[in-house]
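Each chain, letter by letter, is given below.
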Amino acid sequence: MATIIPWKRRARVDEEGFEQLLRPHLQAMYRLAWRLLRNREDAEDLVQEVVLQLYRRREELAAVEVLRPWLMRVLYHRFVDEQRRRGRQVPLAEPDGETDDPLDGVAHPDPEPGQLLQRMQDVSTLQAALDGLPEIHRQVLLLHDVEGYTLKEVSVITGAPVGTLKSRLNRARAALKKVLTEMEPSAGLRRVAE
Amino acid sequence: MTDCKTIRQRFDDYQSHSLSRPDLDDLEAHLNDCAACREALDAHRAWRVAMAGLPFEPPSPGFEERVLGAVRREAKGRGHRRAFFAGVGVALAASLAVAVVLLRFVPSGGDGSEAMRVAEVMLPEHGQLRLRIQADRPVQDASLSLELPPGLELAGYEGQRRLQWRSDLAAGTNYLSLPLRLRNPQGGELVARVRVGDRTRVIRVRVRPRMTGAELGWPAVVV
């Protein structure tokens, strides 16, 4: 991933300065890594690799105005690279047929709200439903609805245009609602720590 | 009045306070008059709360310190390298040299990559080289191999150019001590490989003869 930074904005960041910049974001980096990988050791390894990679490019950090989405972008791309190297498809680009129409997916009828909410309150069911979605839908939901990044930030992180993400998000929500309404209550098989 | 679809499409921006003033006024006016959209907004909020409340497995104790500790080790290594090159040989004089291989092991399988580092040390005719191997977690059955050039021998294994060990690695720092014998004035370059699964770390150590004394020091190098 290339980052172009004007030369005059480069600043020297020593080891201590680097730690001060990074430390407030480490937990959030881990959290996103865990959401993507669903495994603590792998998530910790991913963060470790990204932080070492960032240390070698630390001058760039001082020039970044809003650090967190930029850090998440580096982490996300590292995750995608690693998954691809292992032969897994992680679609950064939208698949064929995906449009930028933000109203896509809105037409999906909402299931009965009370039933849906009940299913969502069962975290293992919700997690299992989320895990069952196509990766492109799972990721946009993780970034936007679970981790709370705005669409602009998700655009920075993934490199996809905001319009495309809006459309993708609507489709992903509709897909998740559909899965949830079709699932038996407490159908989640994997438990995660509270 | 703006239609319900458009209004509902703005709920995310409304919740993140990123609607423009005219759109905000428009949305609030619509909500005042539309019970269905008020209900949809409540459902939207409940959705976001449920999604944001999904638990995650916290990192292991000491996670932040481990991550930043790796950065400190990296920084220290680079500092040593700078000192080495600035020292123009004087700093190299020592009988005990330490070359460092930093390793990261991914337990779920490697990528077949072979990362290489280069170090340079000066040793007397009978000197000891220590390889420092950093492992983030215990590693079972690591393979350690050594290739020696002509003129450089491992004490007790004279005449052997290739040697191999298998060993477990503890989490943290592991040392492999190599008592070396320099048999020619040019020294030579040895190659050490540490292999775990299909992941390999390689360090090439250029060993040059030191002519006098037997001082102890830390002349070596992480590259």
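Residues numbered from 1 in each chain as written. Chains lettered and ligands numbered in written order. Predicted model: local features only at pLDDT ≥ 70, side-chain atom pairs only at ≥ 80, totals over all residues. Heavy atoms only, no water.

Next up on the list: the pattern of salt bridges. Going through the model one piece at a time under the given rule, you end up with 26 salt bridges over all chains. The residue arginine 31 of chain A makes a salt bridge to glutamate 147 of chain A at a minimum N-O spacing of 2.9 Å. Of the two residues, arginine 31 of chain A is situated in helix α2 (residues 26-37) and glutamate 147 of chain A in the loop between α8 (135-146) and α9 (151-158); the sequence distance between them amounts to 116 residues. One salt bridge connects glutamate 49 of chain A with arginine 78 of chain A, and the closest N-O pair in it is separated by 3.3 Å. With glutamate 49 of chain A in helix α3 (residues 40-56) and arginine 78 of chain A in helix α5 (residues 67-85), this pair connects stretches of sequence that are 29 residues apart. Look at glutamate 49 of chain A and you get buried, because its relative accessible area is 17%. Residue class for arginine 78 of chain A comes out partly exposed when judged on its relative accessible area of 27%. One connected set of salt bridges, linked through shared partners, spans Glu19 and Arg23 of chain A together with Glu64, Glu65 and Arg72 of chain B. (Salt bridge = Lys/Arg side-chain N within 4 Å of Asp/Glu carboxyl O. Helix = DSSP H or I, 4+ residues; strand = E, 2+ residues; numbered from the N terminus. Buried < 20%, exposed > 50% of the residue type's maximum accessible area, 1.4 Å probe, protein only.)

In this structure, Met29, Val47, Leu54 and Leu176 of chain A are the most contacted members of the largest nonpolar core, which totals 59 residues. Tallying contributions element by element places α5 of chain A first for this core, with 9 residues. Contacts of leucine 54 of chain A, omitting those with residues within four sequence positions, involve Phe18, Leu22, Met29, Leu61, Trp70, Leu71 and Val74 of chain A. Residues Leu129, Leu163, Leu178 and Leu182 of chain B belong to the second largest nonpolar core, which totals 27 residues. (Core = buried A, V, L, I, M, F, W, Y, C linked by side-chain atoms within 4.5 Å. Contact = heavy atoms within 4.5 Å.)

Tallying each qualifying case throughout the model produces 4 aromatic pairs over all chains. Pairing phenylalanine 18 of chain A with tyrosine 55 of chain A gives two aromatic rings, centres 5.1 Å apart and planes at 80 degrees, and the pair type is edge-to-face. Of this pair, phenylalanine 18 of chain A sits in helix α1 (residues 15-22) while tyrosine 55 of chain A sits in helix α3, placing them 37 residues apart in sequence. Accessibility classification places phenylalanine 18 of chain A together with tyrosine 55 of chain A in one group, the buried group. Ring centres of tyrosine 76 of chain A and phenylalanine 79 of chain A lie 6.3 Å apart, and the angle between their planes is 40 degrees; on these two criteria the pair is classed as tilted. Taken as a pair, tyrosine 76 of chain A and phenylalanine 79 of chain A lie in helix α5 at a separation of 3 residues, close to a single helical turn. One aromatic cluster is present, formed by Tyr30 of chain A together with Phe56 and Phe63 of chain B through successive ring pairs. Directly above the ring of phenylalanine 56 of chain B sits arginine 31 of chain A, whose terminal nitrogen or CZ lies 5.9 Å from the centroid. Across from the ring centre of tyrosine 55 of chain A, 4.0 Å away, lies the NZ or CZ of arginine 58 of chain A, which sits over that ring. (Phe/Tyr/Trp six-rings, centres within 6.5 Å; stacked < 30°, edge-to-face > 60°. Lys NZ or Arg CZ within 6 Å of the ring centre and 35° of its normal.)

Residues and elements named next belong to chain B. Judged from the 5 bridges that link them, strand β4 (residues 139-147) and strand β8 (residues 188-196) form a sheet pairing that is antiparallel. By the bridge assignment, leucine 146 is partnered in β8 with alanine 192. Sheet topology note: the β8/strand β9 (residues 199-209) ladder contains 9 bridges and is antiparallel. Pairing of glycine 188 across the sheet is with valine 207, part of β9. (Pairing = 2+ DSSP bridges.)

Among the 12 residues of α8 of chain A, 11 are classified as buried, and the element is accordingly described as predominantly covered. At the C-terminal side of α8 of chain A, glycine 148 of chain A shows a positive phi close to 80 degrees.

In this section: the confidence of the model for chain A. All names here are of chain A. Considering every residue of chain A, the mean pLDDT works out to 78; 70% of them sit at 70 or more. Predicted confidence for residues 99-109 stays below pLDDT 50, and this span has 23 contacts to residues more than four positions away or in other chains. Counting contacts from residues 187-194, a segment whose pLDDT is below 50, to residues more than four positions away or on other chains yields 19 contacts. (pLDDT = per-residue confidence, 0-100.)

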